[in-house]
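One-letter residues, chain by chain:
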Amino acid sequence: IAQLKDGRLTTRNSRVALPDSTLDLSLDGRFTEKTNNIRTELLLDSSNIGGLGLDQAAQIRGGQGKVNLKLRTEGRSPHELASALNGTIDVKAQDMTMNNNKVNLIGSDIFSELIGKLNPFAKSDPTTQLECVSLYFDVINGVMTSDRSLHVETRKMKIIGKGEIDLRKERLSMNFTPIARKGLGVNLSQVVKLVKLHGPI
């Protein structure tokens, strides 16, 4: 149920039913000549995350988990809105399968090269079992910060990441530490110690 009155748009307790998923949405926006003020909360609960588009975009199938966004901002332009963004981003998912031969379908050479550096087995294994994927960002005045709150676990690897994405300056700086899991006969010489991704967005 949405209501628009005197430049204020509100949507409360709205739910969208998707295949194997539900999406709860709350929006409160005020739009005037001087500024736009927006507050939104989104909660996605899915038993088939791949079916929401990841399967088509990056050949990531299956999975269950939750996406929880709580964001607010104000401004008169996209840059002002991004620079004033505050809130949290919380994503938790598990039991997904990624086709290693198709990761470039997501449309980014940087993404596919990053996967190759962090997971050296992606070149030899046809698929990667993503047992757990978790990320959490605090967003303060347009700066998204994660302090060792990015985690990816596969059968052979654990990847821990941290860093920040500065929407004001349109730059990012992220560090990822891949760790080979013990007892699987992993050749440690194949695993890099640190992967850095930084520069202008």
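These notes cover the structure that comes with them.

The rules behind each value
Each chain carries its own residue numbering, running from 1 in the direction its sequence is written. Given that the model is predicted, a residue must reach a pLDDT of at least 70 before its local features are reported, and side-chain atom pairs must reach 80 or more before they are shown or counted; all residues, however, enter totals for whole chains, interfaces and linings. Values reported for side chains reflect all heavy atoms of the structure, with hydrogen atoms and water molecules removed beforehand. Only DSSP runs of H or I reaching four residues or more are called helices, and only runs of E reaching two or more are called strands; each is numbered from the N terminus. Think of it in three bands: residues with accessible area under 20% of the maximum for their type are buried, residues over 50% are exposed, and the middle band is partly exposed, with areas taken using a 1.4 Å probe on protein chains only. Residue contacts are defined here by distance: any two heavy atoms, one from each residue, within 4.5 Å place the two residues in contact. With residues, only the protein chains shown are counted as cover, and all accessible areas are computed by Shrake-Rupley using a 1.4 Å probe. A positive count includes Lys and Arg, and a negative count includes Asp and Glu. His and the chain ends are not counted in either. Every charge is mapped onto a representative atom, which is NZ of Lys, CZ of Arg, CG of Asp or CD of Glu. Each reported salt bridge corresponds to a side-chain nitrogen of Lys or Arg within 4 Å of a carboxyl oxygen of Asp or Glu. Two strands pair if DSSP finds at least two bridges between them. Patches draw on residues past 30% relative accessible area with no salt bridge. Two like charges within 9 Å are joined, as are two nonpolar side chains (Val, Leu, Ile, Met, Phe, Trp, Tyr) within 5 Å. Geometry is summarised by axes, namely lines fitted to C-alpha atoms with helices restricted to the contacting stretch, and by angles between N-to-C directions that run from 0 to 180 degrees.

Now for the overall build of the chain. Of the regular secondary structure elements, the chain holds three helices and 11 strands. Reading the chain from its N end, one meets helices and strands in the order β-β-β-β-α-β-α-β-α-β-β-β-β-β. Along the three orthogonal principal directions, the C-alpha set of the chain runs to about 65 × 40 × 25 Å. The burial tally for the chain puts 33% of its 201 residues in the buried class. The long-range share in the chain, meaning contacts at least 24 apart out of those at least 6 apart in sequence, stands at 48%. Here the chain has roughly 12300 Å² of accessible surface; of this, 52% comes from carbon and sulfur atoms. Of the charged side chains in the chain, 28 are positive and 22 negative, and the gap between their average positions amounts to 5 Å.

A few words on the pattern of salt bridges. Tallying each qualifying case throughout the model produces seven salt bridges. For Asp 28, the salt bridge goes to Arg 8, with nearest N and O atoms at 2.8 Å. Remark: Arg 8 occurs in strand 2 (residues 8-18) and Asp 28 occurs in strand 3 (residues 21-31); sequence separation between them is 20 residues. Note on Arg 8: relative accessible area 31%, which makes it partly exposed. Note that Asp 125 is salt-bridged to Lys 156, the shortest N-O span being 3.1 Å. Of this pair, Asp 125 sits in the loop between helix 3 (109-118) and strand 7 (127-140) while Lys 156 is found in the loop between strand 8 (143-154) and strand 9 (157-166), placing the two residues 31 residues apart along the sequence. Owing to a relative accessible area of 22%, Asp 125 belongs among the partly exposed residues under this scheme. A single network of salt bridges, built from pairs that share partners, joins Arg 8, Arg 12 and Asp 28.

Here we come to the pairing of strand 5 (residues 60-75). Side chains on a regular strand alternate between the two faces of the sheet. Direction of pairing for strand 4 (residues 36-46) relative to strand 5: antiparallel, over a ladder of 11 bridges. Bridge pairing in strand 5 links Leu 42 to Leu 69. Here strand 5 pairs with strand 6 (residues 86-99) via 12 bridges, running antiparallel. Looking across to strand 6, one finds that Arg 61 is bridged to Thr 97.

Another aspect to go through is unusual backbone geometry. Not every positive phi belongs to a glycine, and Asp 95 is a case in point at roughly 60°. With respect to the helices, strands and loops of the structure, Asp 95 is situated in strand 6. One non-glycine residue with positive phi stands out, namely Arg 148, at about 55°. Mapped onto the fold, Arg 148 is located in strand 8. Under the relative-accessibility criterion, Arg 148 is labelled partly exposed at 44%.

Looking now at a nonpolar patch on the surface. A cluster of nonpolar side chains, namely Val 16, Leu 18 and Leu 52, defines an oily patch on the protein surface of about 210 Å² accessible area. Here Val 16 shows up in strand 2. Accessibility expressed as a relative area gives 41% for Val 16, which makes it partly exposed.

With that settled, the discussion passes to the environment of Ile 38. Mapped onto the fold, Ile 38 is located in strand 4. Judged by relative accessible area, Ile 38 falls into the partly exposed class, the value being 23%.

On to the sheet that holds strand 2, then. Each strand in a sheet pairs with its neighbour through backbone hydrogen bonds, running either in the same direction (parallel) or in the opposite one (antiparallel). Spatially, 1-2-3-4-5-6-7-8-9-10-11 is the arrangement adopted by the 11 strands of the open sheet, whose pairing is antiparallel. Looking at which strands have only one partner, the edges of the open sheet turn out to be strand 1 (2-5) and strand 11 (195-200). Each neighbouring strand pair of the sheet contributes to a mean axis angle of 10°, computed without reference to strand direction. Relative to strand 11, strand 10 (residues 171-180) is paired through six bridges, and the arrangement is antiparallel. If you follow Ser 173 over to strand 11, its bridge partner there is His 198.

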